[in-house]
Amino acid sequence: MSEKKSQKRKEMTAGRAFVGFFVPIMVLIVLIAMGAEVTIGALAALFVMIGFCFYMGYDWSYIDKAMSEGVRQIATAAMIMLLVGCMVAVWMSSGTIPTLLYYGMKIITPNLFLPICFILPAFMAVCAGTSWGAISTIGVVLCGMAEGLGIPVAMAAGAVISGAFFGDKMSPLSDTTLLASSSCEVPLFTHIKSMWYTTIPGTVICLVIYTILGLRASGSIDVAAVSELSNGLSSSFHISLLHIIPVVLVLVLSVRQVPAFIAFGVGIGSGILWSMIFQGRGFVENLGYIMSGFSIESGVEAVDSLVNRGGFSSMLSLVGILLVLGMLSGLFSESNVLTVLVNKLSRKLNTPGTILLGVWVSSLIICLIGGQYPAIAIPAVAFKDVCDDMDIHRCVLSRTLEDVGTMVAAVIPWSAWVIGYGVVLGGVTVGQFIPFTFLPMLCPIITMIHNFLGIGLFHKNDEVKYRPLWRRK
């Protein structure tokens, strides 16, 4: 019976593979462009792909098995995403993240104000795992100070957004960081270590440029806005360096190569304990935060906006996207659509540099039209096996996708989010602040240079370490 079924299947030619891959992707992109949520666009693409599989002669049992295999491959990653949401909530409740934010506020100085506009949002975004949270809180405060220091607000806004997207890219709590590592099936901290190769040069260049641009700054900082935020944190939480211990525990476990599942579990457990001891919040109260996210009413809107987040439920949307894309990935793989396309592509892009150029271009095109999540997840599905065949470590693939898919999203002029950044940061237009948003423009360029020169371009079985200017042999 199975032989008869297989005989009914049509041959997967290059033309059919092209249709099978690009029609579902175009459906996804068009729906997103029309205003649909990414999850709905991905679901529509999945149904289109199911229809294509029926056309090719696959029966439902095979299609169902293929989708299940796709889900199986992302199950652990999805669970880690949920754990991160839970950890963010209890780290807010315990005062861990508020403590990091409070001490971060203390580094503001007049003479280096513009570099601080980069550093402080970067620090906050790494701690909280959200670029928008950093932009809409400390970013607003910093841009409000800029004019009095003789620095154009647009310049400060560009530095704030650059710093915030540093955190969006490098934070282990960030949704895009989790999505890139999970889509490419790379351990989270291996992915982050790989990204230092392109992020450190970009950051150094940014800090030099921002320092030069800010040399003419004059006057003194109006500390009222900073004081409101820091006082709001200190009045709502017990602030102490002891609260950093849960972060240290997770970092130590990660450095010792303890699985992220266990490390984040320790982070959640220590966060609950710290919350009960230092903040006086009950065990059951913390369980509620773990599920629904941390929430307080401090009386300071900026504080509430920054700390009211996290929870199991906050990650469900991202897990839903990953679930649907996992099913789509399974169908692409098991129907041989990707195998045929990539084999065809590999004959022309037959070096590590050119393969990664294909990744770069694919991610850029999808990001310009469809946004961050598809720009990361779709090329990951298409290129992860060919990277294996070309002896390229998948962390190089995940790094390239973040350098393009995550970062370019910060400077797309027609994006509603980017337009919103300008509105929030003092009413500046995209045309005014994008020229000063250096890091998101530098990272795609640096990653292309690195990929062609072989810098940080690890072999498939290499141990991933950060060694500046290390080149592939």
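Residues numbered from 1 in each chain as written. Predicted model: local features only at pLDDT ≥ 70, side-chain atom pairs only at ≥ 80, totals over all residues. Heavy atoms only, no water.

Chemist: Is there a simple way to think about the overall build of the chain in this case?
Modeler: The secondary structure content of the chain amounts to 24 helices and zero strands. The buried share of the chain, reckoned over its 473 residues, is 57%. Of all intrachain contacts in the chain linking residues separated by at least 6 positions in sequence, the fraction that spans at least 24 positions is 76%. In the form shown here, the chain has an accessible surface area of approximately 19,300 Å², with 66% of it arising from carbon and sulfur atoms. (Helix = DSSP H or I, 4+ residues; strand = E, 2+ residues; numbered from the N terminus. Buried < 20%, exposed > 50% of the residue type's maximum accessible area, 1.4 Å probe, protein only. Contact = heavy atoms within 4.5 Å. Areas by Shrake-Rupley, 256 points an atom, 1.4 Å probe, with all protein chains shown as cover.)

Chemist: Even after reading the chapter, I still don't get the nonpolar core, so can you show me in this structure?
Modeler: Proteins that are soluble and globular tend to have nonpolar side chains buried together. With 160 residues, the main nonpolar core has Phe-21, Phe-264, Val-307, Leu-331, Phe-332 and Phe-433 as its most contacted residues. Excluding anything up to four places from it in sequence, Phe-332 contacts Gly-20, Phe-21, Pro-24, Ile-25, Met-49, Val-337, Leu-338 and Val-381. (Core = buried A, V, L, I, M, F, W, Y, C linked by side-chain atoms within 4.5 Å.)

Chemist: What is the right way to look at empty space enclosed by the protein in this model?
Modeler: Think of a ball as big as a water molecule: rolled over the atoms, this probe shows where empty space is left. Overall, the coordinates contain three cavities of 30 Å³ or more when judged by the stated rule. Lining the largest cavity are Gly-70, Gln-73, Ile-74, Ser-182, Ser-183, Leu-322, Leu-325, Gly-326, Ser-329, Ala-377, Val-381 and Lys-384. Ranked by residues supplied to the lining of the largest cavity, first place goes to helix 17 (residues 316-334) with four residues. Broken down by class, the residue content of the lining of the largest cavity amounts to five nonpolar, six polar and one charged. (1 Å grid on protein atoms, 1.4 Å probe; cavity = no way out; pocket = protein on both sides within 12 Å on 5 of 7 lines; lining within 4 Å. Points joined across faces, edges and corners; volume = space filled by probe spheres on them. Nonpolar A, V, L, I, M, F, W, Y, C, P; charged D, E, K, R; others polar.)

Chemist: Would you mind going over helix 4 (residues 60-93) with me for this structure?
Modeler: In an α-helix, one turn spans 3.6 residues, which is why side chains three or four residues apart end up on the same side. Compared with an ideal rise of 1.5 Å per residue, which puts 34 residues at 50 Å, helix 4 spans 47 Å between its outermost C-alpha atoms and is within 8% of the ideal. Ile-74 marks where helix 4 bends most, by close to 45 degrees. Phi turns positive, to about 90 degrees, at Gly-95, one or two residues after helix 4. (Expected span 1.5 Å × (residues − 1). Bend = angle between axes of the 7 residues up to and from the residue.)

Chemist: Explain the side chain of Lys-169 here, please?
Modeler: Of note, Lys-169 is situated in helix 9 (residues 153-170). Only 2.8 Å separates the side chain of Lys-169 from the side chain of Thr-199, close enough to count as a polar contact. Here the side chain of Lys-169 touches Asp-403 through a polar contact of 2.3 Å, side chain to side chain. Look past the residues within four positions of Lys-169 in its chain and what remains in contact with it is Thr-177, Met-195, Thr-198, Thr-199, Glu-402, Asp-403, Thr-406, Met-407 and Cys-443. (Polar contact = N/O pair within 3.5 Å; in protein donor to acceptor, adjacent residues only side chain to side chain.)

Chemist: Any chance you could explain the environment of Glu-185 here in plain terms?
Modeler: One can find Glu-185 in the loop between helix 10 (175-183) and helix 11 (188-213). Judged by its relative accessible area of 37%, Glu-185 falls in the partly exposed class. Beyond its immediate sequence surroundings of up to four residues, Glu-185 is in contact with Gln-73, Lys-384 and Arg-394.

Chemist: Mind showing me how you'd approach the packing of helix 9 against helix 24 (residues 438-453) here?
Modeler: Working note: a packed helix pair is described by the angle between its axes plus the distance between those axes. It is the contact of helix 9 with helix 24, at a shortest axis distance of 7 Å, that shows an interaxial angle of 50 degrees. When the interaxial angle is binned, helix 9 and helix 24 end up oblique. On helix 24, the residues touching Ser-162, Phe-165, Phe-166 and Lys-169 of helix 9 are Phe-438, Leu-439, Pro-440 and Cys-443. A per-class count over the contact of helix 9 with helix 24 returns six nonpolar, one polar and one charged. (Axes fitted to C-alpha atoms, helices over the stretch in contact; angles between N-to-C directions. Parallel < 35°, antiparallel > 145°, perpendicular 65-115°, else oblique.)

Chemist: Looking at this structure, I do not really get helix 9. What am I missing?
Modeler: Between its terminal C-alpha atoms helix 9 stretches 26 Å, which fits the 26 Å expected from 18 residues at 1.5 Å a residue. Of all 18 residues making up helix 9, 18 are buried, and the element is well covered by its neighbours.

Chemist: In this structure, what is going on with the environment of Cys-143? I would like to understand it.
Modeler: In this structure, Cys-143 sits in helix 8 (residues 138-146). Cys-143 sits twelve residues away from Met-155 along the chain, and the two C-alpha atoms are 8.9 Å apart. Non-local contacts of Cys-143, meaning those with residues more than four positions away in its chain, are made with Val-153, Ala-156, Ala-157, Val-160 and Leu-425.

Chemist: It is not clear to me how the packing of aromatic side chains should be interpreted in this structure. Could you clarify?
Modeler: Pairs of aromatic rings are described using the distance from one ring centre to the other and the angle between the two planes. Going through the model one piece at a time under the given rule, you end up with 18 aromatic pairs. For the pair Phe-54 and Trp-60, a centre-to-centre distance of 6.4 Å together with 25 degrees between the ring planes defines the contact as stacked. Looking at Phe-54, the relative accessible area reads 45%, which means it is partly exposed. An angle of 80 degrees between the planes, with centres 6.5 Å apart, marks the rings of Phe-436 and Phe-438 as edge-to-face. Of the residues examined, Phe-438 reaches a relative accessible area of 15% and is grouped as buried. Taken together, the ring pairs connect Phe-118, Phe-166, Trp-196, Tyr-210, Phe-436 and Phe-438 into an aromatic cluster. A cation over a ring is seen here: Arg-9 above Tyr-62, with NZ or CZ 4.5 Å from the ring centre. Note that Lys-10 overlies the ring of Tyr-55, its terminal NZ or CZ placed 4.5 Å from the centroid. (Phe/Tyr/Trp six-rings, centres within 6.5 Å; stacked < 30°, edge-to-face > 60°. Lys NZ or Arg CZ within 6 Å of the ring centre and 35° of its normal.)

Chemist: Got a minute to help me understand the pattern of salt bridges in this structure?
Modeler: Side chains that differ in sign of charge can pair as their charged atoms come close. By the definition in use, this model includes seven salt bridges. Between Lys-384 and Glu-185 there is a salt bridge whose closest N-O contact spans 2.8 Å. One end of the pair, Lys-384, is in helix 20 (residues 372-389); the other, Glu-185, is in the loop between helix 10 and helix 11, with 199 residues separating them in the sequence. The class of Lys-384 is buried, set by a relative accessible area of 8%. One salt bridge in this structure joins Asp-388 and Arg-394, with 2.6 Å as the shortest N-O distance. Through salt bridges with shared partners, a single ionic network connects Glu-185, Lys-384, Asp-385, Asp-388 and Arg-394. (Salt bridge = Lys/Arg side-chain N within 4 Å of Asp/Glu carboxyl O.)

Chemist: Can you walk me through unusual backbone geometry in this structure?
Modeler: Most peptide bonds take the trans form, and the phi angle of most residues other than glycine is negative. The backbone phi angle of Asn-336 is positive, close to 70 degrees, even though this residue is not glycine. If you trace the backbone, Asn-336 turns up in the loop between helix 17 and helix 18 (337-346). Assessed through its relative accessible area of 38%, Asn-336 is described here as partly exposed. With phi around 70 degrees, Leu-469 is a residue other than glycine that occupies positive phi space.

Chemist: Which parts of the structure should I look at to understand the side chain of Ser-194?
Modeler: For Ser-194, the position within the fold is in helix 11. Given the relative accessible area of 0%, Ser-194 is considered buried. A polar contact is formed between the side chain of Ser-194 and the side chain of Arg-399, at a distance of 3.1 Å. If sequence neighbours within four positions are ignored, Ser-194 has contacts with Cys-395, Val-396, Arg-399 and Val-464.

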